[in-house]
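# Coordinate analysis (summary)
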Amino acid sequence: MLPTTSPHSNGALGSRDAARHTAGAKRYKYLRRLLHFRQMDFEFALWQMLYLFTSPQRVYRNFHYRKQTKDQWARDDPAFLVVLSIWLCVSTIGFGLVLDMGVLETLKLLLWVVFVDCIGVGLLISTLMWVISNKYLLKHPSKNFDVEWGYAFDVHLNAFYPLLVILHFLQLFFINHIVVINSDWFLGYFVGNTLWLIAIGYYLYITFLGYNALPFLQNTVVLLYPFALLGLIYVLSVCLGWNFTRGLCWFYKYRVQ
């Protein structure tokens, strides 16, 4: 967090400002707004979701604006998280229908996807990136310049949304229809694996943009290095006939047995 200071404070926050900007205070304010839907800006959340596909840089420019006006990088409005959760629930139910799951099996899958894949993995990745960025990417390590954990979580949510739409929504139309990517023939796993390439590529690129947007970080280009491994795995998968979508379908069915 980059705290604001007054001209006569010698770089120190006042007691009220310090309390207002603590991580606990921000977290309390964020969670409290989850109970007040009328205070959430869903139109702005949908705008961000659109631009995460077309121009993700514009989304992070808004984070800069929030820092200037509210003195925090992380979102203070949970509307984006709420809409993302709705997307996740609807697409997971769609997976249940496509895979011919019963009501109970679909409910189990929904709980797994929401609490393990989204929340659990999201908390793990966000914490890992928060530690890495604060330990290795800061230009000048200081208590006054660090990456907020909430911002790391927001970056993950931003990157997760296009991945969710591609793999959990668009892919549904191809699993048993159109190209039938849940099969052993070349066109099937070529289309399916290409969707995985695009989805994970979006995740890596939007994550890079998120940390590159912070002016006190350096060497953020290292976050693009996994693209080399991603490209290699994609080429190998197509050459060797690996079908990631088929594996995902099997894994989802195995989970709910």
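Here goes a summary of the coordinates provided. (Residues numbered from 1 in each chain as written. Predicted model: local features only at pLDDT ≥ 70, side-chain atom pairs only at ≥ 80, totals over all residues. Heavy atoms only, no water.)

Two elements in contact, helix α6 (residues 103-136) and helix α7 (residues 149-170), have axes whose closest approach is 9 Å; the angle formed by their N-to-C orientations is 135°. As the angle between them shows, α6 and α7 are arranged oblique. The two elements α6 and α7 cross, and the hand of that crossing is right-handed. Where α6 approaches α7, its residues Val113, Cys118, Gly122, Leu123, Ile125, Ser126, Thr127 and Trp130 are matched on the opposing element by Trp149, Ala152, Phe153, His156, Phe160 and His168. Its residues assigned to classes, the contact of α6 with α7 shows nine nonpolar, five polar and no charged. (Axes fitted to C-alpha atoms, helices over the stretch in contact; angles between N-to-C directions. Helix = DSSP H or I, 4+ residues; strand = E, 2+ residues; numbered from the N terminus. Parallel < 35°, antiparallel > 145°, perpendicular 65-115°, else oblique. Left-handed = near helix turned anticlockwise from the far one by under 90°. Contact = heavy atoms within 4.5 Å. Nonpolar A, V, L, I, M, F, W, Y, C, P; charged D, E, K, R; others polar.)

Moving on: the pattern of salt bridges. Side chains bearing opposite charge may pair, as long as their charged atoms lie close to each other. The tally for this structure, following the rule as stated, stands at four salt bridges. As a salt-bridge pair, Lys70 and Asp76 come within 2.8 Å of each other at their nearest N and O atoms. Looking at Asp76, the relative accessible area reads 8%, which means it is buried. Residue Asp117 is joined to Arg255 by a salt bridge in which the shortest nitrogen-to-oxygen separation is 2.6 Å. (Salt bridge = Lys/Arg side-chain N within 4 Å of Asp/Glu carboxyl O. Buried < 20%, exposed > 50% of the residue type's maximum accessible area, 1.4 Å probe, protein only.)

Take the packing of α6 against helix α9 (residues 186-212) next. For any two helices packed against each other, one specifies the crossing angle of their axes together with the interaxial distance. Remark: α6 packs on α9, axes separated minimally by 13 Å, with the N-to-C direction vectors making an angle of 45°. Classified by the angle between their axes, α6 and α9 sit oblique to one another. Viewed along their axes, α6 and α9 form a crossing whose handedness is right-handed. The segment α6 lies against α9, with Ile125, Met129, Trp130 and Ser133 engaging Tyr203, Thr207 and Tyr211. When grouped by side-chain class, the residues that make up the contact of α6 with α9 number five nonpolar, two polar and no charged.

A word on the layout of surface pockets. Empty space within the second largest pocket amounts to approximately 470 Å³. Elements with a minimum of two residues in the lining of the second largest pocket: α6, α7, α9 and α11 (244-255). With six residues, the single largest contributor to the lining of the second largest pocket is α7. Partitioned by chemical class, the residues of the lining of the second largest pocket number 15 nonpolar, two polar and two charged. (1 Å grid on protein atoms, 1.4 Å probe; cavity = no way out; pocket = protein on both sides within 12 Å on 5 of 7 lines; lining within 4 Å. Points joined across faces, edges and corners; volume = space filled by probe spheres on them.)

This part is about the packing of aromatic side chains. Within the structure shown, the criterion is met by 21 aromatic pairs. Considering the side-chain rings of Trp87 and Phe169, the 5.5 Å spacing of their centres and the 90° angle between planes classify their relative orientation as edge-to-face. With a gap of 82 residues between them, Trp87 in helix α5 (residues 79-98) and Phe169 in helix α7 connect regions that are remote in the sequence. What makes Phe169 partly exposed here is its relative accessible area of 30%. Here Trp250 and Tyr254 contribute two aromatic rings whose centre-to-centre distance is 5.3 Å and whose plane-to-plane angle is 10°, an arrangement assigned as stacked. With Trp250 and Tyr254 both in helix α11 and four residues apart, this pair spans about one turn of that helix. When its relative accessible area of 57% is taken as the criterion, Trp250 is described as exposed. By the ring-pair criterion, three or more aromatic residues cluster together here, those being Phe53, Phe80, Trp87, Tyr161, Phe169, Phe173 and Tyr202. (Phe/Tyr/Trp six-rings, centres within 6.5 Å; stacked < 30°, edge-to-face > 60°.)

So, to be careful, I would describe these as geometric facts and stop short of saying anything about function.
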